[in-house]
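Next come the chains, spelled out residue by residue.
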Amino acid sequence: MAGILKIVAQRLALGLITLFVVSIIIFVAVNLLPGDFAEAILGQGATPESVAAIREELGLDRPPVVRYLEWLGNAVRGDLGTPMSQALFSAYSGSNAGSGIGTVMEQIAPRFRNTVYLAGLSAAIAVPISITLGILTALYRNSAFDRAMNIFTLSSISSPEFFLAYILILFLAVLNPILPSLSNVNAEMSFWSSERFVKTLLPALTLTLVVTAHMMRMTRAAIINLLASPYIEMARLKGMSPMRVIVKHALPNALAPIINVVALNLAYLITGVVVVEVVFVYPGIGQLFVDSVKIRDIPVVQACCLIFAAAYILLNLTADIMSIISNPRLRHPK
């Protein structure tokens, strides 16, 4: 037990170091974006004097190192800053009231909740289907069913998300109006309401098509890799059915790579939803990220990137830790 705790502590420390390095990359990359918030908000009426005044008011004229350290310190305390439009309004009005914008955290919280719902629904559909198809294709490997599943899943994973989204819209919303083409989710809908489920189902199906192939093929490969093992041969000699051999003996020993690929794909569902949310106008953090990039709202863009990075690193750490726990050999490397 102490060995597992030591490994977990080491992984968490590496995760924090990775997140620190990623925060530097995010800050530098965001500040290298072309365009200027002051010029964007002033429009055609921008003059060098007015632009300089707004930059000074928002602190954009300070050295980048000072701004990074201030942003990082506030982020550690849970303060992701204030949107530039809100900060500008407060500076000229002397009050936070009346803008209706709020802090970055207040903007992101409901959007992140929507994104987590979309990712959770996609995972609830994709994971059981992927593992089931992986078991069946391993059981009937090299058959017509195996080849058909490989062709279908490889076609889906090779297609861009927006293309799959438009195909689903065409068949499930236009030609056969079963599901709405736009995900008009709002705060008034309950988290578990059927209305939210229906309006989120089409983008969830799009993400399912994207991630199913990888999980299915990894499950298939992990199981087939074990079928030549001596204990599998012994189970067959005892007269066990092929399905029981796979489910009872091969699958438990193939959990480490399967858990790893499932966790990695869950990380993708959190961080890779930007295109899908834009296509379906889904009010998630990906849509907020795109809108903020358009107007060069640096605090919101940095916060979205940091949340994406933290979610990806956390889920990768979870995959690593779960793989170690499920496979004793990884806890005692030679």
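In this text, all values refer to a predicted model and were calculated from it rather than measured experimentally.

The rules behind the values
Residues numbered from 1 in each chain as written. Predicted model: local features only at pLDDT ≥ 70, side-chain atom pairs only at ≥ 80, totals over all residues. Heavy atoms only, no water. Helix = DSSP H or I, 4+ residues; strand = E, 2+ residues; numbered from the N terminus. Expected span 1.5 Å × (residues − 1). Buried < 20%, exposed > 50% of the residue type's maximum accessible area, 1.4 Å probe, protein only. Arc of directions from axis to C-beta. Contact = heavy atoms within 4.5 Å. pLDDT = per-residue confidence, 0-100. Patch = residues over 30% accessible without salt bridge, like charges linked within 9 Å, V, L, I, M, F, W, Y side chains within 5 Å. Areas by Shrake-Rupley, 256 points an atom, 1.4 Å probe, with all protein chains shown as cover. Salt bridge = Lys/Arg side-chain N within 4 Å of Asp/Glu carboxyl O. Phe/Tyr/Trp six-rings, centres within 6.5 Å; stacked < 30°, edge-to-face > 60°. Axes fitted to C-alpha atoms, helices over the stretch in contact; angles between N-to-C directions. Left-handed = near helix turned anticlockwise from the far one by under 90°. Nonpolar A, V, L, I, M, F, W, Y, C, P; charged D, E, K, R; others polar. Polar contact = N/O pair within 3.5 Å; in protein donor to acceptor, adjacent residues only side chain to side chain. Parallel < 35°, antiparallel > 145°, perpendicular 65-115°, else oblique. Core = buried A, V, L, I, M, F, W, Y, C linked by side-chain atoms within 4.5 Å. Lys, Arg positive; Asp, Glu negative; His and termini not counted.

Asker: Got a sec to walk through helix α11 (residues 242–253)? Specific residues and values, please.
Answerer: Taking 1.5 Å per residue as the helical rise, α11 with its 12 residues ought to reach 16 Å, and the 16 Å between its terminal C-alpha atoms agrees with that figure. Turning to α11, its buried residues are Val245, Ile246, Ala250 and Leu251. One side of α11 holds all its buried residues, which, seen down the axis, span an arc of 145°. Along its buried surface, α11 packs onto α6 (104–139), α9 (194–226), α10 (230–237) and α12 (255–271).

Asker: Describe helix α3 (residues 48–58), listing the residues and the values that go with them.
Answerer: Every buried residue of α3 is accounted for by Val51, Ile54 and Leu58. Down the axis of α3, the sector holding all buried residues measures 65°, keeping them to one side. In this structure, α3 carries Pro48, Glu49 and Glu56 as exposed residues pointing more than 90 degrees from its buried face. Just downstream of α3 lies Gly59, where phi reads positive at about 80°.

Asker: With reference to specific residues and values, describe unusual backbone geometry.
Answerer: For Asn142, which is not glycine, the phi dihedral falls at a positive 65°. Its place among the elements puts Asn142 in the loop between α6 and α7 (144–158). If you check the backbone angles, Val281 has positive phi at about 50° while not being a glycine. With respect to the helices and strands, Val281 occurs in the loop between α13 (274–279) and α14 (285–294). The exposure class assigned to Val281 is partly exposed, which follows from its relative accessible area of 46%.

Asker: Outline the confidence of the model for the chain, listing residues and values.
Answerer: Of all residues in the chain, 88% attain a pLDDT of 70 or more, and the chain-wide mean is 82. Ranking the elements of the chain by mean pLDDT puts helix α5 (residues 84–93) last, at 61, and helix α8 (residues 161–174) first, at 90.

Asker: Summarise a nonpolar patch on the surface; cite the residues concerned and give the values.
Answerer: Together, Phe162, Phe163, Tyr166, Ile167, Leu170, Phe171, Val174, Leu175 and Val275 make up a nonpolar patch on the protein surface, roughly 830 Å² of accessible area in all. Ranked by residues supplied to the nonpolar patch, first place goes to α8 with 7 residues. You can see Ile167 is positioned in helix α8.

Asker: Hey, could you go over the packing of aromatic side chains for me, with residue numbers and the actual values?
Answerer: Evaluation of the coordinates by the stated rule reveals 4 aromatic pairs. With centroids separated by 5.4 Å and ring planes inclined at 65°, the aromatic side chains of Phe27 and Tyr68 adopt a geometry described as edge-to-face. Residue Phe27 is located in helix α1 (residues 2–31), and its partner Tyr68 is located in helix α4 (residues 64–76); the two are separated by 41 residues in the primary sequence. Judged by its relative accessible area of 6%, Phe27 is buried. When the centroid spacing of 6.1 Å and the interplanar angle of 75° are considered together, the rings of Phe289 and Phe308 count as edge-to-face.

Asker: Outline the packing of α6 against α9, listing residues and values.
Answerer: Contact geometry of α6 with α9 gives a least axis separation of 5 Å together with a crossing angle of 35°. The element α6 and its partner α9 pack so that their crossing is right-handed. Looking at the contact of α6 with α9, its residues break down into 22 nonpolar, 9 polar and 3 charged.

Asker: Quick one: what's the story with the environment of Ser183, residue by residue and with numbers?
Answerer: Note on placement: Ser183 falls in the loop between α8 and α9. Residue Ser183 is classed as buried on the basis of its relative accessible area of 1%. Spatially, the C-alpha atom of Ser183 lies 6.2 Å from that of Val281, the residues being 98 residues apart in sequence. Ignoring anything within four residues of it in the chain, the contact list for Ser183 reads Lys199, Pro203, Phe280, Val281, Tyr282 and Pro283. Polar side-chain contacts of Ser183 include one of 2.7 Å to the backbone oxygen of Lys199.

Asker: I'd like a rundown of the packing of α7 against α9, residues and numbers included.
Answerer: When two helices pack together, you describe them by how their axes are tilted relative to each other and by the distance separating the axes. Contact geometry for α7 and α9: axes closest at 7 Å, N-to-C directions at 135°. The orientation of α7 relative to α9 falls into the category oblique. As for the relative orientation of α7 and α9, their crossing is left-handed in sense. Residue-level contacts link Asp146, Met149, Asn150, Phe152, Thr153, Leu154, Ser156 and Ile157 of α7 to Leu209, Val210, Ala213, His214, Met216, Arg217 and Arg220 of α9. When grouped by side-chain class, the residues that make up the contact of α7 with α9 number 8 nonpolar, 4 polar and 3 charged.

Asker: Pulling in residues and values, what's your account of the nonpolar core?
Answerer: Formed by 49 residues in total, the largest nonpolar core has its most connected members in Leu202, Met215, Ile223 and Phe280. Those elements that place two or more of their residues in this core are α6, α8, α9, α10, α11, α12 and α13. Counting residues per element, this core draws most heavily on α6, which supplies 11 residues. Excluding residues within four positions of it along the chain, Leu202 makes contact with Leu168, Ile169, Leu172, Ala173, Leu179, Pro180, Ser181 and Phe280.

Asker: How would you summarise the side chain of Glu277 if you had to cite specific residues and measurements?
Answerer: Along the chain, Glu277 turns up in helix α13. We note that Glu277 is buried and unpaired, the nearest opposite charge coming from Arg111 at a distance of 6.3 Å. Residue contacts for Glu277: discarding those within four places in its chain leaves Thr115, Leu118, Tyr282, Gly284, Ile285, Gly286 and Gln287.

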